[in-house]
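Descriptive analysis of the structure
Here are the chains, one letter per residue:
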Amino acid sequence: MGKERQAWLDYVRFFSIFLVIVFHTPPRLPLFDDAVILNLRVPVFFCISGFLYSIDRWSSFGQYAFHRAKQIIVPYCSFFVIFYALWLLVGRRMMPSEQSIDVLLPVQELLLGDPKVIVAPFWYIACLFSMQLIYYWIERLVPPRWVMASCMGMALLTYGVLESPFSCEQVSWWRFWNIGNAMMFLPFYALGNRFRQHLNKLSFSGKGNTLLYLFMAAVSMYVMVWIAPLQTVDYPLYLMLRVPAGFMVIPLYFAIGKWLATRFGRNRVIEFVVVSGTVYLGFQNYFIAIIKFVLERYLSQNVMDDNVWLKLVVPMLVMMLVYPCAWFIDRYCPWLIGKSKSYTRQ
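Worth saying up front: this structure is predicted, and the values here are computed from it rather than measured. (Residues numbered from 1 in each chain as written. Predicted model: local features only at pLDDT ≥ 70, side-chain atom pairs only at ≥ 80, totals over all residues. Heavy atoms only, no water.)

**A closer look at the overall build of the chain**
Scanning the chain from N- to C-terminus turns up 17 helices and zero strands. Considering only contacts within the chain whose residues lie at least 6 apart along the sequence, 79% involve residues at least 24 apart. About 17700 Å² of surface is accessible on the chain, with carbon and sulfur atoms providing 66% of the total. (Helix = DSSP H or I, 4+ residues; strand = E, 2+ residues; numbered from the N terminus. Contact = heavy atoms within 4.5 Å. Areas by Shrake-Rupley, 256 points an atom, 1.4 Å probe, with all protein chains shown as cover.)

**Some words on the packing of helix α1 (residues 7-24) against helix α13 (residues 268-275)**
The N-to-C vectors of α1 and α13 enclose an angle of 60 degrees; their axes lie 9 Å apart at closest approach. Comparing the axis directions of α1 and α13 gives the class oblique. As α1 runs across α13, the sense of the crossing is left-handed. Note on element contacts: α13 touches α1 through Ile270, Glu271, Val273 and Val274, opposite Asp10, Tyr11, Arg13, Phe14 and Ile17. Of the residues that constitute the contact of α1 with α13, the class distribution is six nonpolar, no polar and three charged. (Axes fitted to C-alpha atoms, helices over the stretch in contact; angles between N-to-C directions. Parallel < 35°, antiparallel > 145°, perpendicular 65-115°, else oblique. Left-handed = near helix turned anticlockwise from the far one by under 90°. Nonpolar A, V, L, I, M, F, W, Y, C, P; charged D, E, K, R; others polar.)

**Here we look at a nonpolar patch on the surface**
A grouping of Ile290, Phe293, Val294, Tyr298 and Leu299 is seen on the molecular surface, where their side chains present a nonpolar patch of about 580 Å² in accessible area. You can see Val294 is positioned in helix α14 (residues 277-298). A relative accessible area of 39% means that Val294 is categorised as partly exposed. (Patch = residues over 30% accessible without salt bridge, like charges linked within 9 Å, V, L, I, M, F, W, Y side chains within 5 Å. Salt bridge = Lys/Arg side-chain N within 4 Å of Asp/Glu carboxyl O. Buried < 20%, exposed > 50% of the residue type's maximum accessible area, 1.4 Å probe, protein only.)

**A closer look at the pattern of salt bridges**
When their charged atoms lie close together, side chains carrying opposite charge are able to pair. Under the defined criterion, the tally for this structure stands at six salt bridges. Salt-bridge contacts for Arg28 lead to Asp33; the nearest nitrogen and oxygen are separated by 3.6 Å. Assessed through its relative accessible area of 45%, Arg28 is described here as partly exposed. Between Glu296 and Lys292 there is a salt bridge, with its nearest N and O atoms 2.7 Å apart. Here Glu296 pairs with Lys292, and both are found in helix α14, just four residues apart, close to one helical turn. Judged by its relative accessible area of 19%, Glu296 falls in the buried class. Each of Arg28, Asp33 and Lys311 takes part in a single network of salt bridges with overlapping partners.

**A closer look at the side chain of Glu109**
Along the polypeptide, Glu109 turns up in helix α4 (residues 105-112). For the buried residue Glu109, which engages in no salt bridge, the nearest side chain bearing the opposite charge is Lys116, 6.1 Å off. Excluding residues within four positions of it along the chain, Glu109 makes contact with Tyr76, Asp114, Pro115, Lys116 and Val117. (Lys, Arg positive; Asp, Glu negative; His and termini not counted.)

**Comments concerning the nonpolar core**
Counting residues in hydrophobic clusters, the biggest one holds 110 residues, and the most contacted among them are Phe46 and Phe254. Residues contacting Phe254, with those up to four places away along its chain left out, are Trp8, Val12, Val44, Cys47, Ile48, Leu199 and Leu202. (Core = buried A, V, L, I, M, F, W, Y, C linked by side-chain atoms within 4.5 Å.)

**Side note on α13**
An α-helix turns once every 3.6 residues. As a result, residues three or four positions apart point the same way. Within the span of α13, buried status applies to Ile270, Glu271, Phe272, Val273 and Val274. For α13, the secondary structure elements touched by its buried residues are α1, α14 and α16 (310-332). Between the side-chain oxygen of the N-cap and the backbone nitrogen of Val269 there are 2.9 Å, and the N-cap of α13 in question is Asn267. (Polar contact = N/O pair within 3.5 Å; in protein donor to acceptor, adjacent residues only side chain to side chain.)

**What about the packing of aromatic side chains?**
This model, assessed by the stated rule, comprises 35 aromatic pairs. For the pair Phe79 and Phe122, a centre-to-centre distance of 5.9 Å together with 70 degrees between the ring planes defines the contact as edge-to-face. Pair noted here: Phe79 is in helix α3 (residues 61-94) and Phe122 is in the loop between α5 (116-119) and α6 (123-141), with a separation of 43 residues, a long-range link. Across the pair, Phe122 and Phe79 agree in class, each one buried. (Phe/Tyr/Trp six-rings, centres within 6.5 Å; stacked < 30°, edge-to-face > 60°.)

**Quick look at the packing of α1 against α14**
When two helices pack together, you describe them by how their axes are tilted relative to each other and by the distance separating the axes. The geometry of α1 relative to α14 is characterised by a closest axis approach of 10 Å and an angle of 25 degrees between their N-to-C directions. Comparing the axis directions of α1 and α14 gives the class roughly parallel. Crossing hand, α1 versus α14: right-handed. Contacts from Ile17, Val20, Ile21 and His24 in α1 reach Gly277, Tyr280, Leu281, Gln284, Asn285 and Ile288 in α14. Residue composition of the contact of α1 with α14, by class: six nonpolar, four polar and no charged.

Written as structure tokens, this is what we have:
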């Protein structure tokens, strides 16, 4: 974003990061998590990434892929190595024997692009990397007016694979670096990129627009609530309806971000959290687990399950606790997140 950094994008991304933490905070509330939070975090993340993408910056695929690798693979691997070492030293020893995990399983997950045991939220990073490389070639090879349709077609192709006897859980190449998920969410990336000018104009400019955004968001949530109980990798309807549902909620989300930016202007704390999004993704589950351990030790065993309001309070606390860690990394270990001068030099 550089010199033209737009404050409203930071507000949108800030609340998306917060909702990711809410999603991972217990207790599990299927309708709330799958119908509301899921619909507000994942589609918007990919839409914003597409909004910020510009093919004109790259003269070749190699240059583009190398740049994205520095920004994505470096933090992906560095955080994994740190937490994998901690897991080997402490985490694995604390697990009950019946839940023992093979020592090499996390490494296999890392290579697949889905490190569930060590840094589960990093599936998004691997997915984004695959999505960006796929989209690069779509935009290069497909006429502009057909780019969005091509992305929708690739998403439908993915749903077809899911519906077939050979779902992506069994097709290894489909799972590699989350190619399956990348193609399913590709329409949101294309939406952000191909409709950048339209998204830039979204705002609460009148009662008509406001009511329209609210109505679309309400329909979106209703659709997600209706299909949430169907969530399963073998049920394509759930995945297919996430696309129109996500499209309908984005206008309200963006308009709120613009209203906040107009009302409060730029905020250095919010900007820093957004820039440090990878750190928040990597640390969040560990801080949630620490807070849960402390609460259960000094209050009651099921305190988080019995007090649903903690599902919002704990993420706020996590946001504050991760901040000094992000500051330390940004100041003293920027190479961990691909921000070292040697990495960022063009």
